[in-house]
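Chain residues, written in single-letter form:
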Amino acid sequence: MFRIIAANATLAIVHLIIILRSLKPKLTDMINLVLFGPPGAGKGTQSEKLISKYGFVHISTGDLFRWHTKNDTALGQQVKQIMNSGALVPDEITIAMLKEELDKNPEAKGFLFDGFPRTVPQAEALDSFMKENGTAIHFVVALDVTEEEVRNRIAKRRSIENRVDDEEEKLNKRITEYFSKTIHVLPYYREQGRLNTVHGIGDINEIFNNICALLN
Ligand code: ADP
């Protein structure tokens, strides 16, 4: 009799542990992250490392727009001039492209947004898309980098990559866009307690570890 009770109790405990484990959030299956920062802050570099560690689906609106312009799609033709000038693409176009990209990845276990949102309406749209799918933006990581550092980095990149919008005048426009429009996204997330700032100057791996420490 005692053995039967003990066996049943053990079984019940094992079941309880299994249920509790399944309730515990696993990083890779529910985190959506926004990586935020000025041009040249290192969003692309850190995104690559985060993706290979956590398996996020990467959504970089800059890469998507570059893909469209390179492949001369209708959208590419529409945004080419704007991008090459260093200005932001209008919200309506950007949000529609983002929504399409989200819809292509219904099985995604977590998204990493890189270069989106860049305006408050974009941040609001992203929140509502996440909500529609029963999820949310869990973390916003802002890479804190000075304007001087950004300019030095892009000057270096200019000699290697030859991006049209890295030219001096266009870069000035991108930096102005960041400080006049994109910066206002920070208080939006700060007020909701979702903003984390990581010092973005120094060793790449150290910056990466600091981001991982936040996520863990
Ligand atoms: P950066 O190095 O400036 O962070 P990106 O590669 O992210 O550049 O973006 C390149 C260009 O693509 C931007 O200057 C802008 O024209 C356009 N773009 C990218 N993401 C957005 C966005 N979320 N909203 C509006 N325009 C965008």
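Reading guide: rules and limits
Residues numbered from 1 in each chain as written. Predicted model: local features only at pLDDT ≥ 70, side-chain atom pairs only at ≥ 80, totals over all residues. Helix = DSSP H or I, 4+ residues; strand = E, 2+ residues; numbered from the N terminus. Buried ≥ 20, exposed ≤ 12 C-beta atoms within 10 Å, placed from the backbone. Contact = placed C-beta atoms within 7 Å. Core = buried A, V, L, I, M, F, W, Y, C linked by C-beta atoms within 7 Å. Near = placed C-beta within 6 Å. Nonpolar A, V, L, I, M, F, W, Y, C, P; charged D, E, K, R; others polar. Pairing = 2+ DSSP bridges. Axes fitted to C-alpha atoms, helices over the stretch in contact; angles between N-to-C directions.

K.L.:
I keep staring at the overall build of the chain and nothing clicks. Help me out?
P.N.:
Looking only at helices and strands, one finds 11 helices and five strands in the chain. Counting all 216 residues of the chain, 28% fall into the buried class. Summarising the internal contacts of the chain: among those between residues at least 6 apart in sequence, 79% fall at separations of at least 24.

K.L.:
Before we go on, may I ask you to explain the nonpolar core in this structure?
P.N.:
Within soluble globular proteins, side chains that are nonpolar generally end up buried alongside one another. Among the nonpolar cores identified, the biggest contains 32 residues, and L33, F36, L112, F113 and V141 are the most heavily contacted of them. Broken down by secondary-structure element, the contributors of at least two residues to this core are β1 (33-36), α6 (91-103), β3 (111-114), α7 (120-132), β4 (139-144), α8 (147-161), α10 (185-191) and α11 (204-215). Excluding anything up to four places from it in sequence, L33 contacts F56, L112, F113, H138, F139 and V141.

K.L.:
I would appreciate a short explanation of the site of the ligand in the present structure.
P.N.:
Neighbouring the ligand are 17 residues, the closest being P39, T61, G62, V89 and G115. Those elements giving two or more residues to the shell around the ligand turn out to be α4 (61-70) and α5 (74-85). Element by element, the count of residues in the shell around the ligand is highest for α4, at three residues. Residues of the shell around the ligand, tallied by class, amount to eight nonpolar, six polar and three charged.

K.L.:
Would you explain the pairing of β3 in this entry?
P.N.:
A regular strand carries its side chains on alternate faces of the sheet. Here β3 shows a buried face lined by F111 and F113 and a second buried face lined by L112 and D114. Bridge count for β1 against β3 is three bridges, and the pairing is parallel. Within β3, the position partnered with L35 by the bridge is D114.

K.L.:
Before we go on, may I ask you to explain the environment of V79 in this structure?
P.N.:
Mapped onto the fold, V79 is located in helix α5. Overall, the presence of 21 C-beta atoms within 10 Å leaves V79 in the buried class. Sequence spacing of V79 and H68 is 11 residues, and the spatial spacing of their C-alpha atoms is 8.6 Å. Filtering out sequence-adjacent residues up to four positions away, V79 remains in contact with F65, H68, T69, V89 and I93.

K.L.:
For this particular structure, what's the right way to read the environment of V150?
P.N.:
Residue position: V150 is located in helix α8. Considered as a pair, V150 and P39 are 111 residues apart in the sequence and their alpha carbons are 6.8 Å apart. Ignoring sequence-local partners within four residues, the contact set of V150 consists of P38, P39, G40, A41, V145 and I175.

K.L.:
Just checking my understanding: could you explain the sheet that holds strand β5 (residues 195-199) for this structure?
P.N.:
For sheets, the rule is that strands pair by backbone hydrogen bonds, running either parallel or antiparallel. Ordered by their spatial adjacency, five strands build an open sheet running β2-β3-β1-β4-β5, and the pairing between neighbours is parallel. Edge positions in the open sheet fall to β2 (57-60) and β5, since each of these has one partner strand only. The sheet shows a mean angle of 20° between the axes of neighbouring strands, taken without regard to direction.

K.L.:
Hey, could you run me through unusual backbone geometry in this one?
P.N.:
Leaving glycine out, the prevailing phi sign among residues is negative, and the prevailing peptide bond configuration is trans. Residue P117 follows F116 across a cis peptide bond; omega there is 0°. Examined against the element boundaries, P117 turns out to sit in the loop between β3 and α7. Residues other than glycine seldom take positive phi values, yet D72 does so here, at roughly 55°. Take D72: it is sitting in the loop between α4 and α5.

K.L.:
Is there a simple way to explain the pairing of β4 in this structure?
P.N.:
Bridge count between β1 and β4: four bridges; the pairing is parallel. Looking at β4, one finds that L35 is bridged to V141. Direction of pairing for β4 relative to β5: parallel, over a ladder of five bridges. Counterpart to V140 in the pairing with β5 is L195.

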